[in-house]
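Each chain, written out:
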Amino acid sequence: MSIRIQAATLVILGLVVASTSPAHADWPEFRGPSGDGTARHADLPTEWSRQQNVTWRTELPGKGWSSPVVIGNKIYLTAAVPQLPAEPDSGFDLVLLIVDADSGELLRQVTLFGEGPDAPRIHQKNSRASATPVVDGKRLYVHFGHHGTACTTLGGGVVWKNDALAYRPVHGNGGSPVVVAGNVIFARDGAETSEITALDASTGELAWQTPRDVEARKTFSFCTPLVLDDGKLTQVIVPGSNVVQSVDAETGDELWRVTYEGYSVVPRPIYHAGLVFVSTSFDRATLLAIDPSGRGDVTETHVRWRADSGIPKTPSLVGFEGKIAMVSDDGIASCYDAETGKRQWIERIGGDFSASPLLADDRLYLLSEEGVCTVLDVSGTPSEIAVNDLGERTLASPAVIDDDLLIRTAEALYRVDR
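For clarity, every value in this text was computed on a predicted model and none was experimentally measured.

Draft legend 1. Structural detail: the sheet that holds strand 32 (residues 399–401). Strand order in the open sheet formed by four strands is 2-34-33-32, with antiparallel pairing between adjacent strands. Edge positions in the sheet fall to strand 2 (54–59) and strand 32, since each has one partner strand and no second. Strand-to-strand twist in this sheet, taken as the mean axis angle between neighbours without regard to direction, amounts to 20°.

Written as structure tokens, this is what we have:
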């Protein structure tokens, strides 16, 4: 089936770029309003447990590793809910969940797509609802990879759906979309497909497609784009297997590229201190610091430095005060000077990590797959503030609402306060 328009009148959507930020309480996309996991002025809690400093805990239907997004007093997530609960392999409804931020009540469950029992297998660390929704202030955009993309109102009313861009995935879906220049932009990197795609945000119609156009033995990746706007040009920077590309947000025309060896790229790039930072992911992750001002293939001219020690394959990076901090998949936290690439410190945290770090004030929050969150003071030499254990598995990155934390586990959504 192709595109289904489900509204009599569609509003022309406004431009959303990296330089704009919503209200302090809002967390409108994967890793927050700046897309890089920073909430510098939030006074977040540092200690909690299942019994301590929890405003509410709400059990969620189905399974999903999408992160929460927040607009006003509503929280949005996605999930894959078994169509026949007694037969979990019978098929899934792919749904949008809307939760009341004050009470934790599940307000609405909206089915957007369906998946039959013959659906492709997913990786044990993935889910069928791993892409985080994105909000542009007026509309919500929900992405389920090869199953399709939908636009809804903030109340959950369906505006449009597009399920015409199916492709054969590997290990399922993962990368989240961005909304910029009137387009919903995401990567389509599967078994044979390898490209960047944009849909018109107001209609769901295909706006443009840009091929990766690079040789890669394994073409699948799961990356969320970075939006970079200098006031004259809006770049969308999208890593994939063996290449990171920057494209024009309006046209999809390639601006620059850097090639490398790496596949199954998951970490979202960040922009800090005038450079774009990219992890090349599997097999051996390398951190690339790229000057984004070039044009064409800039592999030999605009890569300012590289590092290959303790670089994450799954969690994204975080930048602050001229430094780049990270935690590797196997629990090694480290920090590099953003300008020179000199390592500043390294600490063994322990555990396994998929969730991306969160920085608030001078505190770095590192949430492990085991549900243990280590809070570090990184104002100087790192020191441990607290270690908090919810006792539930989690791969979703935490979100912020006002001065509280939102943590999604395999079973529930928590609002953690002081």
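Having put the structure on the table, let's press on.
Draft legend 2. Representation of the nonpolar core in the model. By size, the foremost hydrophobic cluster in this structure holds 34 residues, and its most contacted members are L44, W48, I75, Y365 and L406. Contributions of two or more residues to this core are made by strand 4 (74–82), strand 5 (92–100), strand 28 (358–360), strand 29 (363–367), strand 30 (372–377), strand 32, strand 33 (404–408) and strand 34 (412–416). Setting aside residues up to four positions removed in sequence, L44 forms contacts with L358, A360, R363, Y365, V400, D402, D403, D404, L405 and R418. Of all hydrophobic cores here, the second largest spans 18 residues; its members include V69, V135, V142 and V158.

Draft legend 3. Quick look at the packing of aromatic side chains. Here the structure, examined in full by the defined rule, presents eight aromatic pairs. Both rings, one in F220 and one in Y263, keep their centres 5.7 Å apart while their planes meet at 75°; by these two values the pair is edge-to-face. One end of the pair, F220, is in the loop between strand 14 (206–211) and strand 15 (226–229); the other, Y263, is in the loop between strand 18 (254–259) and strand 19 (270–272), and 43 residues separate them in sequence. Assessed through its relative accessible area of 11%, F220 is described here as buried. Ring geometry for Y263 against F282: centres 6.3 Å apart, planes inclined by 40°, an arrangement best described as tilted. Taken together, the residues span a long stretch of sequence, with Y263 in the loop between strand 18 and strand 19 and F282 in the loop between strand 20 (275–279) and strand 21 (287–290) at a distance of 19 residues. The partly exposed category is assigned to F282, whose relative accessible area is 27%. Members of the aromatic cluster, each reached through a chain of ring pairs, are F220, F222, Y263 and F282. Over the ring of F113 we find K161, and its NZ or CZ is 5.8 Å from the ring centre. For the cation-ring pair, K313 lies above F282, with the distance from its terminal atom to the ring centre recorded as 5.9 Å.

Draft legend 4. View of the sheet that holds strand 19. Across the sheet, which stays open at both edges, the four strands sit in the order 19-20-21-23 with antiparallel pairing between neighbours. Strands with a single pairing partner mark the edges of an open sheet, and in this sheet they are strand 19 and strand 23 (303–307). The mean inter-strand angle of the sheet, taken between neighbouring strand axes irrespective of direction, is 25°.

Rules behind the numbers
Residues numbered from 1 in each chain as written. Predicted model: local features only at pLDDT ≥ 70, side-chain atom pairs only at ≥ 80, totals over all residues. Heavy atoms only, no water. Pairing = 2+ DSSP bridges. Helix = DSSP H or I, 4+ residues; strand = E, 2+ residues; numbered from the N terminus. Axes fitted to C-alpha atoms, helices over the stretch in contact; angles between N-to-C directions. Core = buried A, V, L, I, M, F, W, Y, C linked by side-chain atoms within 4.5 Å. Buried < 20%, exposed > 50% of the residue type's maximum accessible area, 1.4 Å probe, protein only. Contact = heavy atoms within 4.5 Å. Phe/Tyr/Trp six-rings, centres within 6.5 Å; stacked < 30°, edge-to-face > 60°. Lys NZ or Arg CZ within 6 Å of the ring centre and 35° of its normal.

Coordinates in, geometry out; function isn't part of it.
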